[in-house]
Amino acid sequence: MDKKIKIGIIGLGAMGKGHYKNIKTVPEFEITALSDVNMDGMKDYSEAKFASGEELINKGDVEAIVIVTPHFDHVPLAVAALKKGLHVLIEKPVSVQMKDAKILLDAHKDKGRVVACVFNNRTSQVYMKMREMVSSGELGAIQRVNMTVTQWFRSDAYFKSAGWRATWAGEGGGALLNQCPHSLDLLQWITGMPKRVTANVGFGKHHDIEVEDEVTAILEYPNGAVGTFVTSTAEAPGLNRIEIAGDQGLLICDNNNLTYTRNEVRAKKFLKETEERFAVPPVWNVSIPAKVPTFDELHQNIHRNFKDAILKGVAPVASLQESVNSLELANAMLLSGFLNKPVDLPIDSEIYAAELEKRMKTSRFKKG
Ligand SMILES: NC(=O)c1ccc[n+]([C@@H]2O[C@H](COP(=O)([O-])OP(=O)(O)OC[C@H]3O[C@@H](n4cnc5c(N)ncnc54)[C@H](O)[C@@H]3O)[C@@H](O)[C@H]2O)c1
């Protein structure tokens, strides 16, 4: 094999350890450096260790890094890595707010450096098929999209388990920033970005927390389609369901099970042409086989793609440009909740920053 890509991991917490294990399955990578502000957490590892991400970037023998720290550090570390000419894989979300994401987008000048994000669910056959059915026109014009992800039940004990959790200054948001980035990414990846968002947001509605624990958003799309996005960290039992109603039929993904009820005649054509008052188009019930990968397989797909992007110039599964869309959606929903009014996309990132700043100033979490 040709020379290996020397890679470092910044942040060796729960996910960082997962990245370590999964990167090891890709022979083209050699993990040469690790960094965590908690040096103790790295004592069982033999690679070179650094007490900060900045130190690893500046002194480590690396060509690429994976950033697996809490959200606020993603952008400063990625910008520092690009300055050193490194390739960067960033855990989701790219950042806490669009203002910071734009700093990173501006810093990514050398397109020979790969900047990709860990949106591993995009490599699942289930969501790839959904996207294909929409983008190929199989579903016809989209009329309605509903996504309900309420399977994120969290106890008070979870939120109390670390001081930064669910605070404006420590985490920069709640369910939308922590639990929902994958869902928001899939939503926009499959059906595109809405042009307007109106959200009812519950801040600390069910838990003793500062940030959002319940969101119901109405999404308006450029083609006139209307959608909803619903999430909660207090609903039990929860749901994980996407419904896309197109002219050709109804596609449902319920906990990774895909079903398609296909109209024999497109709905709009049928309603214009039938002479019967209560007739509905006859349908075919189509079940769509799709393998559901394991969490580790999804991550390995991302690592292999990152390697191919570096070595062969293939497109990242989730490029930086596209990865900020889920952040834009999360910020838009929160901004609508802050201001109690509809918000047009793209959002005004300065207004969002000012609103977030107000909340960070009175946050119970103080950075040490
Ligand atoms: N893609 C996925 O499926 C998935 C799943 C869970 C979490 N995540 C993401 O992974 C990231 C980390 O989450 P986690 O659950 O591992 O958190 P964690 O708290 O378990 O780990 C974070 C680690 O980063 C270290 N750290 C903090 N600041 C640092 C810095 N500046 N330099 C070096 N180390 C630093 C901490 O000491 C800690 O060990 C988050 O962005 C989270 O959203 C992604």
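What counts, and at which threshold
Residues numbered from 1 in each chain as written. Predicted model: local features only at pLDDT ≥ 70, side-chain atom pairs only at ≥ 80, totals over all residues. Near = placed C-beta within 6 Å. Helix = DSSP H or I, 4+ residues; strand = E, 2+ residues; numbered from the N terminus. Nonpolar A, V, L, I, M, F, W, Y, C, P; charged D, E, K, R; others polar. Buried ≥ 20, exposed ≤ 12 C-beta atoms within 10 Å, placed from the backbone. Pairing = 2+ DSSP bridges. Contact = placed C-beta atoms within 7 Å. Axes fitted to C-alpha atoms, helices over the stretch in contact; angles between N-to-C directions. Parallel < 35°, antiparallel > 145°, perpendicular 65-115°, else oblique. Domains from an automatic or database assignment. Arc of directions from axis to C-beta.

Considerations on the site of the ligand
Right, so step 1: Neighbouring the ligand are 23 residues, the closest being Gly11, Gly13, Met15, Gly53 and Glu91.
Right, so step 2: By residue number, the principal contributor to the shell around the ligand is helix H1 (residues 14–23), which donates three residues.
Right, so step 3: Considered class by class, the residues forming the shell around the ligand number eight nonpolar, eleven polar and four charged.

Digging into the pairing of strand S5 (residues 87–90)
Right, so step 1: Of the two faces of S5, the one lined by His87 and Leu89 and the one lined by Val88 and Ile90 are each fully buried.
Right, so step 2: Pairing of strand S4 (residues 64–67) with S5, which is carried by four bridges, proceeds in the parallel orientation. Residue isoleucine 67 lies in a different strand from S5, and its bridge partner there is isoleucine 90.
Right, so step 3: Sheet topology note: the S5/strand S6 (residues 115–117) ladder contains three bridges and is parallel.

Points about unusual backbone geometry
Where the residue is not glycine, phi is negative for most of them; where a peptide bond is considered, it is trans in most cases.
Right, so step 1: Proline 237 follows alanine 236 through a cis peptide bond whose omega is -5 degrees.
Right, so step 2: Within the secondary structure, proline 237 is located in the loop between strand S10 (226–232) and strand S11 (240–246).
Right, so step 3: Despite not being glycine, alanine 166 shows a phi value in the positive range, around 55 degrees.
Right, so step 4: In this fold, alanine 166 is placed in the loop between helix H6 (156–160) and helix H7 (181–191).
Right, so step 5: Accessibility expressed as a C-beta count within 10 Å gives 28 for alanine 166, which makes it buried.
Right, so step 6: Here asparagine 340, not a glycine, exhibits a phi torsion of approximately 60 degrees, which is positive.
Right, so step 7: Here asparagine 340 is to be found in the loop between helix H10 (320–339) and strand S15 (343–344).
Right, so step 8: Judged by local crowding, asparagine 340 falls into the exposed class, with 10 C-beta atoms found within 10 Å.

Considering the sheet that holds strand S14 (residues 283–287)
Two orientations exist for strands paired in a sheet by backbone hydrogen bonds: parallel and antiparallel.
Right, so step 1: If you trace the nine strands from one edge of the open sheet to the other, you get S14-S13-S12-S11-S7-S10-S9-S8-S15, paired in mixed fashion. The two strands at the open ends of the sheet, each matched to only one other strand, are S14 and S15.
Right, so step 2: Note that strand S13 (residues 257–263) and S14 share five bridges and pair antiparallel. Within S14, the position partnered with asparagine 263 by the bridge is valine 283.
Right, so step 3: Set on the sheet, H7 makes contact with strand S7 (142–149), S10 and S11; between it and S7 the angle comes to about 165 degrees.
Right, so step 4: H10 contacts strand S8 (196–203), strand S9 (212–220) and S15 of the sheet and is inclined by roughly 65 degrees relative to S8.

Describing the environment of proline 289
Right, so step 1: Looking at the secondary structure, you find proline 289 in the loop between S14 and helix H9 (295–312).
Right, so step 2: As a C-alpha pair, proline 289 and threonine 259 span 30 residues in sequence and 9.1 Å in three-dimensional space.

What to know about the sheet that holds strand S3 (residues 48–50)
Right, so step 1: The sheet built from six strands is open, its strands ordered S3-S2-S1-S4-S5-S6 with parallel pairing. Taken across any chain shown, the strands that pair with only one partner, and hence form the sheet edges, are S3 and S6. Each neighbouring strand pair of the sheet contributes to a mean axis angle of 25 degrees, computed without reference to strand direction.
Right, so step 2: With respect to the sheet, helix H3 (residues 74–83) is in contact with strand S1 (5–10), S4, S5 and S6, its orientation differing from that of S5 by roughly 165 degrees.

Looking at the packing of H7 against H10
Two quantities define a packed helix pair, namely the angle between the axes and the distance from one axis to the other.
Right, so step 1: It is at 8 Å that the axes of H7 and H10 come closest, and there the two elements cross at 105 degrees. With respect to each other, H7 and H10 are oriented roughly perpendicular. For the pair formed by H7 and H10, the contact residues are Pro181, Leu184, Asp185 and Gln188 on the first element and Asn325, Ser326, Leu329 and Ala330 on the second.
Right, so step 2: In terms of residue class, the contact of H7 with H10 is made up of four nonpolar, three polar and one charged.

As for the pairing of S7
Put simply, side chains in a regular strand alternate between the two faces of the sheet.
Right, so step 1: In terms of strand pairing, S7 meets S11 through seven bridges, oriented antiparallel. By the bridge assignment for S11, valine 149 is matched with asparagine 240.
Right, so step 2: Across six bridges, the pairing between S7 and S10 is parallel. In the strand pairing of S10, arginine 144 is matched with valine 226.

Topic: the domain arrangement of the chain
Right, so step 1: Taken domain by domain, the chain consists of domain 1 (5–121 + 296–317) and domain 2 (124–290 + 326–361).
Right, so step 2: In this structure, domain 1 and domain 2 have C-alpha centres spaced 28 Å apart.
Right, so step 3: Contacts between the two partners involve 16 residues from domain 1, matched on the other side by 21 residues from domain 2.
Right, so step 4: Broken down by element, the residue count for the side of domain 1 that touches domain 2 peaks at four residues, all from helix H4 (residues 98–107).
Right, so step 5: Considered class by class, the residues forming the side of domain 1 that touches domain 2 number nine nonpolar, four polar and three charged.

Here's the deal with helix H5 (residues 125–135)
Right, so step 1: The set of residues buried in H5 consists of Val126, Tyr127, Met130, Met133 and Val134. In a view along the axis of H5, the buried residues occupy a sector of 120 degrees, so they form one face of it.
Right, so step 2: The elements touched by buried residues of H5 are S7, H7, S11, strand S12 (249–254) and S13.
Right, so step 3: Once H5 finishes, glycine 137 follows within two positions and takes phi at roughly 90 degrees, a positive value.

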